[in-house]
Amino acid sequence: DPPDVTKPHPCAKLQCWMDPTSVSRAKAKEKIGERLEMQYAKWQQQRAAKPLKYRRALDPTVDDVRSLCLGLRRQARHERILVHYNGHGVPRPTANGEIWVFDKMHTQYIPLSVTDL
C-alpha cells in the first residue's frame, strides 16, 4: 500500500479481476500486465480501425519511463499515445504533476514530471 494512504476497510482486493496476493509478487505483476493488455486489445477491436501497439514496462526506472515515452512519441509522430500508469503501492502523484517511479537500483521512489515526458 502507498505510504501516504490509509486503506479503508472493507476495500477492493482485485486488480484486473485477479487477487494479486494469490501468487508471488513477480508473477502478480506479470499477470496484471497481461490482463491489462488483453483488456485494451478487446476494447481496441471494438473501436479502432488499425491495430494498436503495446509496450509493457513493469516496475520501470526513471530512465526506462523516459526512454520508452520518448520512443513512443517519436514512433507515433502525429498520433496519440496512451500511458497506463498503474501506480499501486507508490505515493500519490504530486500537486506538480509528478508520478513516482523507481531509481536505477529499485531502492527508492523518484518523482517524474509527466510534462517532461
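Residues numbered from 1 in each chain as written. Predicted model: local features only at pLDDT ≥ 70, side-chain atom pairs only at ≥ 80, totals over all residues. Heavy atoms only, no water.

A. Region of the structure containing the packing of aromatic side chains. A full pass over the atoms with the stated rule returns two aromatic pairs. A ring pair is formed by Tyr40 and Trp43, whose centres lie 5.4 Å apart and whose planes are at 85°; its orientation type is edge-to-face. Residue Tyr40 and its partner Trp43 are both found in helix 1 (residues 25-47); the two are separated by three residues, about one turn of the helix. A residue is classified by how much of its surface remains accessible, and Tyr40, at 21% relative accessible area, is partly exposed. What makes Trp43 partly exposed here is its relative accessible area of 45%. (Phe/Tyr/Trp six-rings, centres within 6.5 Å; stacked < 30°, edge-to-face > 60°. Helix = DSSP H or I, 4+ residues; strand = E, 2+ residues; numbered from the N terminus. Buried < 20%, exposed > 50% of the residue type's maximum accessible area, 1.4 Å probe, protein only.)

B. Just the pattern of salt bridges, in detail. One pass over the structure, following the stated rule, counts four salt bridges. Ionic pairing is found between Lys104 and Asp63, a salt bridge with its closest N-O pair at 3.5 Å. Residue Lys104 is located in the loop between strand 1 (98-102) and strand 2 (109-113), and its partner Asp63 is located in helix 2 (residues 62-76); the two are separated by 41 residues in the primary sequence. Exposure remark for Asp63: the relative accessible area of 36% places this residue in the partly exposed category. (Salt bridge = Lys/Arg side-chain N within 4 Å of Asp/Glu carboxyl O.)

C. Structural context of the pairing of strand 1. Taken together, the five bridges between strand 1 and strand 2 define a ladder with antiparallel strand orientation. If you follow Val101 over to strand 2, its bridge partner there is Ile110. Between strand 1 and strand 2, which follow one another and run antiparallel, lie six residues, and His106 among them has a positive phi close to 60°. (Pairing = 2+ DSSP bridges.)

D. Up close: the side chain of Ser113. Structurally, Ser113 is set in strand 2. Of note is the side chain of Ser113, whose polar atom sits 2.7 Å from the side chain of Thr115. (Polar contact = N/O pair within 3.5 Å; in protein donor to acceptor, adjacent residues only side chain to side chain.)

E. A look at the environment of Gly89. Position of Gly89 relative to the elements: it lies in the loop between helix 2 and strand 1. Among the residues examined, Gly89 registers a relative accessible area of 24% and is labelled partly exposed. It is 11 Å that separates the C-alpha atoms of Gly89 and Asp59, two residues lying 30 residues apart in sequence.

F. How the structure looks around the nonpolar core. With seven residues, the main nonpolar core is built from Val62, Val65, Cys69, Ile99, Val101, Leu112 and Leu117. Those elements that place two or more of their residues in this core are helix 2 and strand 1. (Core = buried A, V, L, I, M, F, W, Y, C linked by side-chain atoms within 4.5 Å.)

G. The arrangement of helix 2 in detail. Here helix 2 is 15 residues long and its end C-alpha atoms lie 21 Å apart, about the 21 Å a rise of 1.5 Å per residue gives. The set of residues buried in helix 2 consists of Val62, Val65, Cys69, Leu72 and Ala76. In a view along the axis of helix 2, the buried residues occupy a sector of 110°, so they form one face of it. Buried residues along helix 2 sit against strand 1 and strand 2. Of the residues one or two after helix 2, Arg77 is the one with positive phi, at around 55°. (Expected span 1.5 Å × (residues − 1). Arc of directions from axis to C-beta. Contact = heavy atoms within 4.5 Å.)

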